[in-house]
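Remarks on the overall topology
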Amino acid sequence: MAFRNYRLSDADPPQTTIDIQLEDELKDEGAAIDLPEELPILPLRGMVVYPQTAIPLTVGQERSIQLVDDVVAGTRMVGLVASKDPSLGTPGPDQVQNVGTLATIHRLFRTPDGTVRLLIQGLQRIKIDEFLSTTPYLKARVTRIPEDEVVFADDIEMEALVRSIVDKFSSLAELVPSIPQELVNNALNVEDPLQLVYSIATYVRIDIDDAQLLLEMNNVGDKIRHLLKLLTKEHEVLSLGRKIQEDAQQEMEKSQRDYYLREQMKAIRRELEEDDDQQEVEKFRQLIEAANMPEEARTEADRELNRLSKLSVSAAEYGVIRTYLDWICSMPWDKRTEDKLDIAHAREVLDEDHYGLTDVKERILEFLAVRKLRAERKKEFEDRDRFDPVRRDRSGAILLFVGPPGVGKTSLGASIARSMGRKFIRMSLGGIRDESEIRGFRRTYIGAMPGRIIQTIRRAKSRNPMIMLDEIDKLGRDFRGDPASALLEVLDPEQNAEFRDHYLDVAFDLSDVMFITTANSLDTIPGPLRDRMEVIQLSGYTELEKRAIASQYLVPRQRRENGLHTGELDFTDEALLQIIRDYTREAGVRHLEREIGKAARKVVTRIAEQEFDSHTVDTETLKDLLGKPRFGHRSEMQDRTDVPGVATGLAWTPIGGDVLFIEATKMKGGKGFQYTGQLGDIMQESAKIAYSFTRSRAADLQVDPTFYDEYDIHLHVPSGAVPKDGPSAGVTMATALASLLTGRTAKSNIAMTGELTLSGQILPVGGIKDKVLAAHRLGADTIILPSKNENDLDDVPEDVRGELTFVLVEHLDEVLPVALDEYQYLGHDRQLPQ
């Protein structure tokens, strides 16, 4: 009889196999066996050995080989117990089962790789009473577990169980070729039910827990019932597996039959000269000829067309190749629009579409002038650069418009395209996280398609459109790649002449494409990507600019969109200014246009109800149309700063400048200083510096020396749901604390910004233009700035500078006399600003 090979829990994988046959000299299981006082215990991994069975084992670890050598030299008896965790190599006493099998070693064979092969016969069940030793291997005191005696001929129920398990095992053997027929024949002729159970359990795939449970059962009938349940489950699994295989085979035969039928249909169509496939191939051949592709693209298209001509319509690749040919043939390889590089016309278009933005318009006109001159002297530059391996116009920088929402970034790109006569395509990049969105998906994937760049060019039907990459600062990144890195090639004039989309897999020249990008902030744009673009800053509009934009652009547009004629709706300048001050607070004009549209719809409703034929909106009727004012010009500053401990600061955000009212209060206690308002790490440090500096100047501020021992101070920056960070609020925090400690209110017409050091110096900060415009919108007329920011005031519009007073400071001692009411300076000898 042939047996399977098993490994011990601490054995190495066998490198060779040997066949061992059980001889007739095995001991009779029923004979009396004297148990030794100390029985060596050999843990098994993933298997259980039963009495009345012979099993080959492979021993590989050093302690197990020593155990085998000692046992062979002595009684040849060993205890076999299953490990509770099959993954353990050398389990201890607590990691093996309590019930096992007493076995004797009949054969031993040493292999060249150092392992030992054994033939072991199970004799009786044993129970471990106590472990006596763990070194050099496990030893234990054991007792026998007797088996129930069963008389086969006198027990009808037992006979029925035996027949059931034999029938089930016979059926199972037909599904498992690895079960020897000899074992099946022996099972049919067995006389001992117990031996039948152990023999079948040895050869059937059983979970280790079920196998251990089968060994521990005392009643033979229970053993047979449990094994019958396991055999039934295994038979169902194997039967289902065979059914799945048969179904798969039938499906394959059906596919082959369908293929033969389709081939016959194709032959019939060829005889009738109705071969649609060849017609489609010929159509693609004509498209390839007309596309005027570069050599590389033409070679790839011809190769794919040749593959398509040899495939059946039902082939899986037919649709993939057809889609690829459709894409590559529809690309504008030689289609382009002629540029209209008329600088005077471009200036006229920009002035027509946008009010103000003088510096931005001048830079755009410079950009177009360079392209015009390069185009006129193209032949001269080609001769000069004839040794350049890649000949293209590298003069066109890629412009990046950065500014708050609603200041005209996207519309500027559309105006540039209109002035040049190019097709304009806007592509939003916000939220893109997959690199393949830019470079395309490889054709190996189902449903693959080119990236957005190639899709945009195909949609434009021109190889030189203007592509506006909107919201480039909102690109994401995750495990699928970094889209910003993919844009490095797209936006580099030195590389994009050979842009290779993953789907097309051929070079497409992007050097003729004019790219313009927009962003609200530069902070989130990676440095290498930002380096490839020329940044043009667009700040917020002043009140006068907003009023002019509303009068010249927004009101006429809202009249058209609401179906009104000229003269049916007008706004006075005072009404527009009140909308700007009391109903909006933004850097751009989007919300302003919504408020004008809201008023226009109210007027349209009343005209439709024939209340009047036309209407001019003034300050008297504005409240009736738009409701109560949502903001107050100057009133909010007066209301917020009428108590000590509140100071007005300025901040920069990606959507423009903003005003912060920083509050401080005191209370009895001994916890010291705390701050709230979702402050970032840098802003928290600014708060601590402001607190430490004002405490160090307690005497100058006329603060009682025991004040800090008896009072707590709490500093808060409102809009607590909005995260805030940056150092520019340091001077405002210190002013709020000084106002609290001296009991003097901050002046309501003053706003300030600047970084504070621990020595009280005021350091320069950024975003001065946006901050000044925000203070002007709120109604402040005096701005305290670091003296080193004086040059930044040149960026502030002249009309705004004329309405504001700027106080340039270098130290906090210069701030407090200006910012606080009736403040008496008691500090160091320092010249204060007038």
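Up top you'll find the structure we're talking about.
Now for a look at the structure at hand.

Turning to helix H19 (residues 573-583), its buried residues are Ala575, Leu576, Leu577, Ile579, Ile580, Asp582 and Tyr583. Its buried side turned inward, H19 meets helix H18 (543-561), strand E15 (569-571), helix H20 (590-608), strand E16 (615-617) and helix H21 (619-626).

This next bit is on the packing of aromatic side chains. Given two aromatic rings, one states the distance between the centres and the angle between the planes to describe the pair. Summed over the entire model, instances satisfying the criterion amount to 8 aromatic pairs. When the ring of Tyr50 is compared with that of Tyr198, the centres are 5.2 Å apart and the planes differ by 15°; the resulting orientation is stacked. You can see Tyr50 sitting in the loop between strand E2 (39-44) and strand E3 (54-59) and its partner Tyr198 sitting in helix H4 (residues 193-203), a full 148 residues away along the chain. Classification of Tyr50 as buried rests on a relative accessible area of 2%. The exposure class of Tyr198 is buried, given its relative accessible area of 0%. Geometrically, the ring pair formed by Phe673 and Tyr675 is tilted, given 5.9 Å between the ring centres and 55° between the ring planes. Ring-pair connections join several aromatic residues into one group, and the members of that group are Phe673, Tyr675, Tyr691, Phe707, Tyr708 and Tyr711. Note that Arg443 overlies the ring of Tyr324, its terminal NZ or CZ placed 3.9 Å from the centroid. Sitting over the ring of Trp327, Arg458 keeps its end group 4.0 Å from the ring centre.

It is at 10 Å that the axes of H18 and H19 come closest, and there the two elements cross at 115°. Between H18 and H19 lies a crossing of right-handed hand. Facing H18, whose interface residues are Glu543, Lys546, Arg547, Ala550, Ser551 and Val555, H19 presents Asp573, Leu576, Leu577, Ile580 and Arg581. Residue composition of the contact of H18 with H19, grouped by class: 5 nonpolar, 1 polar and 5 charged.

Another point: unusual backbone geometry. The amide bond that connects Thr135 to the next residue, Pro136, takes the cis arrangement and shows omega of -5°. Along the chain, Pro136 falls in the loop between strand E6 (116-133) and strand E7 (139-145). Although it is not a glycine, Arg76 adopts a positive phi angle of roughly 65°. One can find Arg76 in the loop between helix H1 (62-73) and strand E4 (77-82). Located in the positive-phi region is Glu471, a residue other than glycine, with phi close to 55°. For Glu471, the position within the fold is in the loop between strand E10 (466-470) and helix H16 (483-490).

The next point concerns the nonpolar core. Counting 50 residues, the largest nonpolar core has Ile328, Ile472 and Phe515 as the members making the most contacts within it. Contributing elements (two or more residues each) for this core: helix H7 (276-291), helix H8 (295-309), helix H9 (316-330), strand E8 (398-402), helix H15 (452-460), E10, H16 and strand E13 (514-519). At 7 residues, the largest contribution of residues to this core is made by H9. Ile472 has contacts with Leu400, Leu429, Leu487, Leu491, Thr517, Thr518, Ala519, Ile525, Leu529 and Met533, leaving out every residue within four places of it along the chain. Ranked by size, the runner-up nonpolar core spans 47 residues in total, among them Leu412, Leu554, Val555 and Leu625.

Next up on the list: the layout of surface pockets. There is about 1200 Å³ of room inside the largest pocket. Considering every element that reaches the lining of the largest pocket, the biggest residue donor is strand E18 (residues 656-668), with 6 residues. Taken together, the residues that form the lining of the largest pocket break down as 21 nonpolar, 12 polar and 13 charged.

Attention now moves to the environment of Arg500. Counting through the fold element by element, Arg500 comes out in strand E11 (residues 499-500). What makes Arg500 partly exposed here is its relative accessible area of 32%. In sequence terms Arg500 and Leu510 are 10 residues apart; their C-alpha atoms lie 9.9 Å from each other. If sequence neighbours within four positions are ignored, Arg500 has contacts with Glu296, Arg439, Glu489, Asp505, Val506 and Ala507. At 3.2 Å, the side chain of Arg500 forms a polar contact with the backbone oxygen of Asp505.

What follows deals with the pattern of salt bridges. Under the counting rule described, the total for this entry stands at 38 salt bridges. Note that Arg110 is salt-bridged to Asp69, the shortest N-O span being 2.5 Å. Here Arg110, found in strand E5 (residues 99-110), pairs with Asp69, found in helix H1; they are 41 residues apart in sequence, far enough to count as distant. For Arg110, a relative accessible area of 46% puts it in the partly exposed group. A relative accessible area of 31% places Asp69 in the partly exposed class. Between Asp512 and Arg336 there is a salt bridge, with its nearest N and O atoms 3.0 Å apart. Remark: Arg336 occurs in the loop between H9 and helix H10 (343-353) and Asp512 occurs in the loop between strand E12 (507-508) and E13; sequence separation between them is 176 residues. Residue classification places Asp512 among the buried residues on the basis of a relative accessible area of 18%. We classify Arg336 as partly exposed; its relative accessible area is 43%. Each member of the salt-bridge network shares a partner with another, and the members are Glu300, Arg303, Glu304, Arg307, Glu317 and Arg443.

The next thing to look at is the environment of Val731. With respect to the secondary-structure elements, Val731 resides in helix H25 (residues 730-742). By relative accessible area, Val731 is classed as buried at 1%. Here the alpha-carbon distance between Val731 and Thr753, two residues 22 residues apart in the chain, equals 6.3 Å. Those residues in contact with Val731, other than ones at most four positions away along the chain, are Met752, Thr753, Gly754, Leu756, Ile762, Leu812 and Val815.

The rules we used
Residues numbered from 1 in each chain as written. Predicted model: local features only at pLDDT ≥ 70, side-chain atom pairs only at ≥ 80, totals over all residues. Heavy atoms only, no water. Buried < 20%, exposed > 50% of the residue type's maximum accessible area, 1.4 Å probe, protein only. Helix = DSSP H or I, 4+ residues; strand = E, 2+ residues; numbered from the N terminus. Contact = heavy atoms within 4.5 Å. Phe/Tyr/Trp six-rings, centres within 6.5 Å; stacked < 30°, edge-to-face > 60°. Lys NZ or Arg CZ within 6 Å of the ring centre and 35° of its normal. Axes fitted to C-alpha atoms, helices over the stretch in contact; angles between N-to-C directions. Left-handed = near helix turned anticlockwise from the far one by under 90°. Nonpolar A, V, L, I, M, F, W, Y, C, P; charged D, E, K, R; others polar. Core = buried A, V, L, I, M, F, W, Y, C linked by side-chain atoms within 4.5 Å. 1 Å grid on protein atoms, 1.4 Å probe; cavity = no way out; pocket = protein on both sides within 12 Å on 5 of 7 lines; lining within 4 Å. Points joined across faces, edges and corners; volume = space filled by probe spheres on them. Polar contact = N/O pair within 3.5 Å; in protein donor to acceptor, adjacent residues only side chain to side chain. Salt bridge = Lys/Arg side-chain N within 4 Å of Asp/Glu carboxyl O.

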